[in-house]
Amino acid sequence: LIAFYPMEETTMKEGVASCIFLMLEKISFWIFLALVFLLPIFFVPSASVPFQYAKSMLLLVAVIVPFCLWLIGRIKDGKITVLKTSLSYASLLILVVFLLSSFFSKSFSLSFIGDGYEISTFAFILLSFIALFLTPVLFNTKKKIFYFYIAFFISFFLVTLFHVLRFFVGPD
């Protein structure tokens, strides 16, 4: 015998919130996975857009958007869990050192943000710290880690194929 009971209103709200959280987490995962795939092969074929600038902007967008989506989902869920490992503490210490270094620098704006694409600024180190923080949060199952490796190795294979072809055929 199967009986259907109407759900209580609070249970329905919790179910919808949980569904939204899962959807935001999936979107964050796929954006971050696209970053893993695209970052080694991404470039803008233009002389007016520096190579490092294009990669930095891709990294910025593909880390900030999943972080914001994850944060929205966590605020809706009401729980934020943080991994407490020695790597987390060491990376947080590096972040604090870069922040203090930029505060005591002669040129605060160049040290803090730079021109927008330098990798030695506090903003880029903060972005890297967020990526380091998001990686174990988003890649938390064996299946997701497998997808990570597949995306990375396909990208690696494409870069290798490109350079092997350039070696044998020539740059033109």
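Residues numbered from 1 in each chain as written. Predicted model: local features only at pLDDT ≥ 70, side-chain atom pairs only at ≥ 80, totals over all residues. Heavy atoms only, no water.

## Quick look at the nonpolar core
Worth spelling out the cut-off: Each nonpolar core is a collection of buried residues, namely Ala, Val, Leu, Ile, Met, Phe, Trp, Tyr and Cys, held together in the definition by side-chain atoms within 4.5 Å. In this scheme, a residue with accessible area under 20% of its type's maximum is buried, one over 50% is exposed, and one in between is partly exposed, where area comes from a 1.4 Å probe on protein chains only. In this description a helix means any DSSP run of H or I spanning at least four residues, a strand means any run of E spanning at least two, and both kinds are numbered starting from the N terminus. Contacts: residue pairs with any heavy atoms within 4.5 Å of one another.
The biggest cluster of nonpolar side chains holds 19 residues, and the ones touching the most others in it are F32, L35, L59, V63, L134 and F139. Of all the secondary-structure elements, those providing two or more residues to this core are α1 (9-38), α2 (51-77) and α5 (122-138). Leave out the neighbours within four places in its chain, and F139 touches F29, F32, L33, K144, I145 and F148.

## Notes on the side chain of S91
The topology assignment puts S91 in helix α3 (residues 86-103). With relative accessibility at 12%, the residue S91 sits in the buried group. S91 has contacts with F129 and L132, leaving out every residue within four places of it along the chain.

## Considerations on the confidence of the model for the protein chain
Here is the rule we go by: The pLDDT score gives, residue by residue, the confidence of the prediction method on a 0 to 100 scale.
Averaged over all residues, the pLDDT of the protein chain equals 85, while 90% of them reach at least 70. Within the protein chain, α1 has the poorest average pLDDT of any element, 79, and helix α6 (residues 142-169) the best, 94. The model gives residues 1-10 a pLDDT under 50, and that stretch makes one contact with residues more than four places away or in other chains.

## Some points on α2
The condition is simple: In this scheme, a helix's expected span is set at 1.5 Å multiplied by one less than its residue total.
The end-to-end C-alpha distance of α2, which contains 27 residues, comes to 39 Å, matching closely the 39 Å that a straight helix rising 1.5 Å per residue would cover. Residues of α2 that are buried: A54, K55, S56, L58, L59, A62, V63, P66, L69, W70, G73 and R74. Count one or two residues on from α2 and you reach G78, which has phi positive near 90 degrees.

## Some remarks on the packing of aromatic side chains
Basically, it comes down to this: What counts as a ring pair is set by centres within 6.5 Å for rings of Phe, Tyr and Trp (its six-membered ring), and what kind of pair is set by the plane angle: stacked under 30 degrees, edge-to-face over 60, tilted for all other angles.
Throughout the structure, instances matching the rule amount to 15 aromatic pairs. When the ring of F29 is compared with that of Y147, the centres are 6.4 Å apart and the planes differ by 45 degrees; the resulting orientation is tilted. Taken as a pair, F29 in helix α1 and Y147 in helix α6 lie far apart in primary sequence, 118 residues in all. Taking the relative accessible area as the measure of exposure, F29 reaches 4% and is therefore buried.

## A few points about α6
The first and last C-alpha atoms of α6 sit 40 Å apart over 28 residues, in line with the 40 Å expected at 1.5 Å per residue. Within the sequence span of α6, burial applies to K144, A151 and S155. G170 sits one or two positions beyond α6 and adopts a positive phi of about 110 degrees.

## Structural notes on the layout of surface pockets
Keep this limit in mind: Cavities and pockets were defined on a 1 Å grid built over protein atoms only: a cavity is a set of grid points that admits a 1.4 Å probe from which the probe cannot escape, a pocket is an open set flanked by protein on both sides within 12 Å along at least five of seven lines, and lining residues are those with an atom within 4 Å of any such point. Grid points are joined across faces, edges and corners, and a volume is the space filled by probe spheres set on the points. Note that Gly is not counted as nonpolar here; it falls among the polar residues with everything else outside the nonpolar set of Ala, Val, Leu, Ile, Met, Phe, Trp, Tyr, Cys and Pro and the charged set of Asp, Glu, Lys and Arg.
The calculated volume of the largest pocket comes to roughly 300 Å³. The wall of the largest pocket is formed by 14 residues, among which V82, L83, S88, S91 and F133 lie closest to the centre. Mapped onto the lining of the largest pocket, the elements with two or more residues apiece are α3 and α5. Looking at the lining of the largest pocket residue by residue, the classes come out as ten nonpolar, three polar and one charged. Around the second largest pocket, the lining comprises 14 residues; the ones closest to its centre are L60, G116, A123, F124 and L127.

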